[in-house]
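Spelled out, the chains give:
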Amino acid sequence: MSAVLFGLSCLAPMVAGWLIVTRLWPDVPRTFRLGLSWMAGIGIGGTVYFATLSLWDSRTISLVFSETVLVGVSAILWIRKGTRTIEQPYAISAPAGGTLETKITGFGFVLTALIVAGAFVFIFDSSTQGGWDATAMWNLKARFIARSDSSPVARIVDSYLGDTHPDYPLLLPSIIARSWQYAGVESTTISEVIGGLFTFSTFLVTFCAIRLLSGRTHAFLLGCILLSTPFFLRHGVSQYADIELACFITATVSMFCISDCGKHSGHLPLLAGLFAGFAACTKNEGILFPLVVVCARILLMLIRRNYKDGMREIVQFGVGVLPGLMALLLFKVLHAPPSEIVNEATLGLWLSRMQNGAQHFTIWKYVFREIRSFGSWWLYPMPFMILYLIVSRITAPPRMSKTAWAMPALVLLGMMAADYMVYVITPIDLQWHLQTSLSRLMLQLWPTALVFYFLIAPSGEQMNAS
Amino acid sequence: MKILRTILMATLVLVSLTNAAQILWSSYHRPLLEHHALWRREVSVLHTREVLNGLGVSRIGYVAGPFLDFSDFENQFLLTPVILRRNSPDESFVLVYFRDNDPPVPPPGLTLVEDFHNGFALFRRIP
């Protein structure tokens, strides 16, 4: 019965998300729409729940309000179905029957997906309890929301719970608590299923973005690499918030990459803004993300000198980001204690730390160490990826121009720079901070890094097309 | 060069397949659907949670080992929505986590309300 009710809790977000994505991007391919719809719907439901929770501090009002908004949005979009859905085929297609490369990667992808699907059953089974942060932070906060008859947020930010990061935004706990309220049980299995759905959405969005921008061969290859990353799979069901953040970051970047190619109609920057707002509500690291995106878009606008279109995109992005930003502001202003990192950051401290060579050395030492061990792979694929990139670049026609890679490149640079600055000014023991967070920061950016990688390595289909 | 490209692509596919197989190999276990440790503890503290909720307070004192460890976070998770205020001197009720099922010895200034026989005992502060 609980499983049915949980399924029901996913229905309203899925329908609302489907209609929103269809309205903002009418010619979205169907598989892409599936991944985006779940993220948009659950993001809106969770954000409204989180915002009302910050305002009224009541789980019942939050649930009623979030469901009303989801149903209301669905009804309005359903009634005003102005734009007819015109599903476009993927832009770049392999020749009929497929090339040898497409056949190899396609076969490999299907086999990898089947093996990983089997492995995922066992990983899922062994992770129902969740990791340390799941028990000590995300599920704990969701329990405070779902179990407290009064003032759940006041309890979450209690001064004696300082070790549970009370300043973190509550999007994920809101999503979990909402599902628990529907299901009538506070099971960690539900948190795990939500994590699993976000993992699948991350894969789907990354796969479809590359399928659209670079072709089938590269999409299959990306699928092979992403699905065979043990750290990605295990973290997906660990009930941490990092995969959720990775999902929203990847979706935002993908929307801009597709928009930059200019092949699709719709309001993709608005959709990107929506996802960036959800990223800001997921974790403190995500708060920097909309700012990084805006900086990247301004820079690209200046480089490309397309001021009118560039400004229109930034305004659309700003409108999309608003719901997430409003929810975040309400929480931060009304409830959240100051962040331990921001609270102690002063210009003097920053300047002194910037001049501290030992601080930089330690950070870079851990970065290189983490690059070598990232992914928890048995066979490290990076050297082969670098070789493949070099050979692809050499064999590419000299005049092949592409602009889509600029956005993921700038976002990766911006996010890494922001994370680096946090490590520079951290009041926490630097080594402990790096040991406990660096791998997860890299995981948040891993799908975006793959999007970037497959956009700078020209595919056979692109070469044929050019 | 095109052949080299195809070979490298095939190598990447092979590496991915090997990694996927390794994930399956390392995660394989039987039997499936066994209850985990947290679930068993959840069942054991049902009555404790009921009693704490019946106290009519949102916060109680909490005393455990000398250092904060994962079991303290786990206890908070299990006993939510009551806030366990570690070593707080202000709360009238104090939950002590003894970690074993030996009969609890009342700490100074506290009187036993209930021993839950699951490692927890509830005390009231003597005015």
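See above for the structure.
Calculation criteria
- Residues numbered from 1 in each chain as written.
- Chains lettered and ligands numbered in written order.
- Predicted model: local features only at pLDDT ≥ 70, side-chain atom pairs only at ≥ 80, totals over all residues.
- Heavy atoms only, no water.
- Helix = DSSP H or I, 4+ residues; strand = E, 2+ residues; numbered from the N terminus.
- Expected span 1.5 Å × (residues − 1).
- Buried < 20%, exposed > 50% of the residue type's maximum accessible area, 1.4 Å probe, protein only.
- Contact = heavy atoms within 4.5 Å.
- Pairing = 2+ DSSP bridges.
- Axes fitted to C-alpha atoms, helices over the stretch in contact; angles between N-to-C directions.
- Parallel < 35°, antiparallel > 145°, perpendicular 65-115°, else oblique.
- Nonpolar A, V, L, I, M, F, W, Y, C, P; charged D, E, K, R; others polar.
- Phe/Tyr/Trp six-rings, centres within 6.5 Å; stacked < 30°, edge-to-face > 60°.
- Lys NZ or Arg CZ within 6 Å of the ring centre and 35° of its normal.

(A) Focus on helix α13 (residues 284-304) of chain A. Residues and elements named next belong to chain A. With 21 residues, α13 should reach 30 Å at 1.5 Å per residue; the first-to-last C-alpha distance of 32 Å fits that figure. Of the residues making up α13, those classed as buried are N284, E285, G286, F289, P290, V292, V293, A296, R297, L300 and M301. For α13, the elements touching its buried residues are α11 (242-261), α12 (268-282), α14 (307-334), α19 (406-425) and α20 (430-456). Just downstream of α13 lies R305, where phi reads positive at about 55 degrees.

(B) Representation of the sheet that holds strand β5 (residues 120-125) of chain B in the model. All names here are of chain B. Spatially, β2-β1-β3-β5-β4 is the arrangement adopted by the five strands of the open sheet, whose pairing is mixed. The strands lining the two open edges of the sheet, one partner per strand, are β2 (83-86) and β4 (110-115). Across the sheet, the mean angle separating the axes of adjacent strands is 35 degrees when strand polarity is ignored. In the sheet, strand β1 (residues 59-63) pairs with strand β3 (residues 93-97) via three bridges, with the strands oriented parallel. Residue pairing across strands places G61 opposite V94, the latter belonging to β3. In the packing of helix α3 (residues 46-54) onto the sheet, the strands contacted are β1, β3, β4 and β5, and the crossing angle to β5 comes to about 20 degrees.

(C) Structural context of the packing of helix α3 (residues 59-79) of chain A against helix α7 (residues 171-183) of chain A. All names here are of chain A. Between α3 and α7, the least distance of the axes is 11 Å, while the angle of their chain directions is 95 degrees. As far as their axial angle goes, α7 and α3 are roughly perpendicular. The segment α3 lies against α7, with R59, T60, L63, S66, E67 and L70 engaging R178, Q181 and Y182. A breakdown of the residues in the contact of α3 with α7 according to their chemical character gives three nonpolar, three polar and three charged.

(D) Spotlight on the packing of aromatic side chains. Within this structure, the stated rule accounts for 28 aromatic pairs over all chains. On the numbers, 5.2 Å between centres and 20 degrees between planes, the contact of F109 of chain A with F207 of chain A is stacked. Here F207 of chain A lies in helix α8 (residues 188-213) and F109 of chain A lies in helix α4 (residues 100-126), a separation of 98 residues in the sequence. The pair F109 of chain A / F207 of chain A is uniform in exposure class, with both members buried. Plain terms: the ring middles of W132 of chain A and F73 of chain B are 5.9 Å apart, the flat faces sit at 55 degrees to each other, and that makes the pair tilted. With W132 of chain A in helix α5 (residues 132-147) and F73 of chain B in helix α4 (residues 70-79), the pair connects residues from two separate chains. Judged by relative accessible area, F73 of chain B falls into the buried class, the value being 12%. Taken together, the ring pairs in this structure connect W38, F198, F248, F275 and F278 of chain A into an aromatic cluster. The ring of Y366 of chain A carries the charged tip of R369 of chain A above its face, separated from the ring centre by 4.8 Å.

(E) Layout of the side chain of S439 of chain A. Residue and element names in this part refer to chain A. Checked against the element boundaries, S439 lands in helix α20. What makes S439 buried here is its relative accessible area of 16%. Discounting chain neighbours no more than four positions away, the residues touching S439 are F231, E370 and F374.

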